[in-house]
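# Observations on the three-dimensional arrangement
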Number of protein chains: 2
Amino acid sequence: MNKRITIYDLAKTLKVSPGTVSRSLNNHPSISDKTKQRVIAKANELGYKINKFASNLSSQKSNTIGVIVPKLNSNFMSTILAGIEKVVNEAGYSLIISQSLESMEKEKINSMTLFNSGVDAILVSLAYDTTDYEHFTPFIKHKIPLIFLDRVPNLPECLTLIIDNYLAGFEATEHLIEQGCKNILYIGGNQNRNVYLERFKGYRAALKKHGLDYSFDELLETDLDPRNIDEVITYIKNHPTPIDGLFVASDSFAAHCIKELKKVSFKIPEDIKVVGFNNDPISELISPSLTTINYPGYEMGVLAGQSVINQLKGNIDMQATNAISLRHELIIRESSTIK
Amino acid sequence: MNKRITIYDLAKTLKVSPGTVSRSLNNHPSISDKTKQRVIAKANELGYKINKFASNLSSQKSNTIGVIVPKLNSNFMSTILAGIEKVVNEAGYSLIISQSLESMEKEKINSMTLFNSGVDAILVSLAYDTTDYEHFTPFIKHKIPLIFLDRVPNLPECLTLIIDNYLAGFEATEHLIEQGCKNILYIGGNQNRNVYLERFKGYRAALKKHGLDYSFDELLETDLDPRNIDEVITYIKNHPTPIDGLFVASDSFAAHCIKELKKVSFKIPEDIKVVGFNNDPISELISPSLTTINYPGYEMGVLAGQSVINQLKGNIDMQATNAISLRHELIIRESSTIK
DNA sequence: AATAAATATGCAATCGGTTGCGTAATTAGT
DNA sequence: ACTAATTACGCAACCGATTGCATATTTATT
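Note that the structure is a prediction, hence the values are computed from the model and not measured.

Here we come to the overall build of chain A. Counting its secondary structure elements, chain A contains 13 helices and 12 strands. Over its C-alpha atoms chain A spans a radius of gyration of 26 Å, topping by over 25% the 20 Å that the globule rule assigns to 339 residues. Taking the principal axes of its C-alpha atoms as reference, chain A extends roughly 90 × 35 × 35 Å. Here chain A, with 339 residues, has 55% of them falling under the buried criterion. Here the analysis covers contacts within chain A between residues at least 6 apart in sequence; of these, 73% occur between residues at least 24 apart. Between the averaged position of the 37 positive side-chain charges in chain A and that of its 38 negative side-chain charges there is a distance of 12 Å.

Turning our attention to the UniProt feature "domain: HTH lacI-type" (unreviewed entry) in chain A. The feature "domain: HTH lacI-type" (unreviewed entry), as annotated in UniProt, sits at residues 5-59 of chain A in this numbering. Its end C-alpha atoms 20 Å apart, residues 5-59 of chain A is made of 69% helix and 0% strand.

Moving on, we get to the protein's contact with DNA strand D. In the vicinity of DNA strand D lie 28 residues, with Thr20(A), Thr35(A), Ile7(B), Ser22(B) and Arg23(B) positioned nearest. Of all DNA strand D atoms lying within 4 Å of any protein atom, the proportion belonging to sugar or phosphate reaches 61%. Between DNA strand D and Tyr8(B), the relevant distance is 2.7 Å, taken from a base nitrogen to a side-chain nitrogen or oxygen of the residue. The contact in question runs from a phosphate oxygen of DNA strand D to an N or O atom on the side chain of Asn26(B), over 3.0 Å. For the surface near DNA strand D, the secondary-structure elements that each account for two or more residues are α2 (18-25) and α4 (52-59) of chain A together with α1 (7-14), α2 (18-25) and α4 (52-59) of chain B. With four residues, the single largest contributor to the surface near DNA strand D is α4(B).

Contact residues are listed per partner, giving 49 residues for chain A and 49 residues for chain B. A per-residue breakdown of the area chain A buries against chain B is headed by Phe53(A), Asn116(A) and Leu285(A), which together make up 17% of the total. At the boundary of chain A and chain B, one finds 12 residue pairs in polar contact (both at pLDDT 80 or more). Among the secondary structure elements, those contributing two or more residues to the side of chain A that touches chain B are α4, α5 (75-90), β2 (94-99), α6 (104-117) and α11 (251-263) of chain A. Looking at the side of chain A that touches chain B residue by residue, the class counts come to 18 nonpolar, 20 polar and 11 charged.

Here we come to the relation of the copies chain A and chain B. The transformation that overlays chain A on chain B combines an axial shift of 0.0 Å with a rotation of 180°, and the residual RMSD is 0.1 Å. The superposition operator between the copies reduces to a two-fold rotation axis. Both copies share a contact surface, since 100% of the interface residues of chain A are interface residues in chain B too.

The rules behind these values
Residues numbered from 1 in each chain as written. Chains lettered and ligands numbered in written order. Predicted model: local features only at pLDDT ≥ 70, side-chain atom pairs only at ≥ 80, totals over all residues. Heavy atoms only, no water. Helix = DSSP H or I, 4+ residues; strand = E, 2+ residues; numbered from the N terminus. Rg over C-alpha atoms; globule rule 2.2 N^0.38 Å. Buried < 20%, exposed > 50% of the residue type's maximum accessible area, 1.4 Å probe, protein only. Contact = heavy atoms within 4.5 Å. Lys, Arg positive; Asp, Glu negative; His and termini not counted. Charge placed at Lys NZ, Arg CZ, Asp CG, Glu CD. UniProt positions renumbered as here; feature names shortened; annotations may be inferred. Near = heavy atom within 4 Å. Polar contact = N/O pair within 3.5 Å; in protein donor to acceptor, adjacent residues only side chain to side chain. Buried area = accessible area lost by both parts, 1.4 Å probe. Nonpolar A, V, L, I, M, F, W, Y, C, P; charged D, E, K, R; others polar. Least-squares fit on C-alpha atoms with pLDDT ≥ 70 in both.

Listed below in structure tokens is the structure:
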């Protein structure tokens, strides 16, 4: 109904110039309070709404932040997103969210799209198989803040938010060792991704520290998709040396492991002790409840949001920072301990 | 680095008009193939990228779809979002996602923001406490497609995507009755929301059909937040007539109920049989595994995406449709059956 | 070859704010 | 009361692409 009110309409009825209207609405100092009031009052009266298209064009800003995540429908990612959304929304930004579906190709397309859309900044958690990072160079060239979370590359130019996956892997493994495990299997995702590689390195370091590195040191790389759980079970069942400890890089996958292992009559934790990763809500609901590493996803999202906002507002103190590491924590539950 | 190439730059180097460049890039029929090739080649050569700000302004379209959900970090919602994102992204649209955090006030603000941002369409799942819907009228007035999912209002003007919550509630309850339950408690959310109200109505209808409506008919309304699980447990524990069946409107909450009930030495399913809702991944991982209603979230997201795209492309056959109901399914597991 | 028809391109207005610069209006200073 | 210093506002260019209409160019028709 009835076309939109523009600043020109306001200018005409108020008998001032469009420039004055614009400045009034933006609370520009060189406009008297009296006129500002008049303009704002009339704007409300006529139901004026800014046209973002025009505003974006002339200001070359969109008040929009792009996000690329591997998958939306994972507890961890959606928790991070919730944190990001809350913070940036409060700061007046909107989020354009897209998923790479774990494919570098789609990640490339998405980043192109977001770049073309004129996002003011971009947050990325890498796809499973991303191996080169050239699709991010446009952002760097144009000095558009680019922040990586959780799954990060080795790009010195941009801020990364992570936890100490190495240490977490170390702690998880050492805990299993302390519980008496000798033959611990690490089940993780693509070793190209820092998170899985670092956890593995931590795992090895713990084995080494306890002199177990020559007896047993084994990595099972999978896509951590529950549909492929059978391979894992078969692997464990048929393993020459009986496995007595499992460090799984994802709670959800660990939960499936436990379920299936129980089906083939392994006792958890008696036969095999299990430690997961993430502290997914699932971890405390299954039985036995799952020992895991608490990964503060929501806090990471909040921090990511704050970092972006800071960079956009030009708070330079952040610029120096290159990597922020959040605190993790080993949460010991039933799956790894015998009472 | 070097400023952005515009169609004017292209026009100048190619010695054609900006209009011709624009039409070539948009594959307009009135441009010869030869010039189109020339333009496109040069555009690639110089690394031309369209300026969406300008494009949006003159075309009055953003190729952007807004979404408001109660919470991002719920398995159900993020699954729906994954479906939506996949479909609309393939159709060339981006998603602006915001969360109301279950508050009508924030929902209002978000819808204003999205309206001002010039989204081409908007998808909404209502907040917990939304009671009036005037904040959506701008979309209706301006004929911007407005689609509701799952948590929907009674607005005849717009498409709603739901499942038959009434029937699902009926089936869940009847299943419990068939398993021998006499005193079945329904635990649901705010009765203002269709989903919880309809499930309750279905529950009552099942009781009535089996002549149980005078003996026991009880609703426990909660916010379904695990932090408030204690009230529920206390309620059940102290109930004058022993409760032997539980129909919980959320799997996640049901899982917490089971966990806590087990703690206070109720046997599930022997003492109390439980049916949840949603078929959350958690439901098959807990023990006893949870009988539930399969709610096809991803499919709903896909359908929502398709519906939006259809409306945007002007496929009028959709316009007539007012409500689409997806198929649900009772999945019987251990929490409600004694083998 | 002359005219009609079809095709290809250019011109210029438009979308609606933003902002540097210049000037008018007001206030301060002596 | 008169000039100087502020303060308030207007003018107009600009952001970059889209598109209706006019015109030029090519192809078809007889």
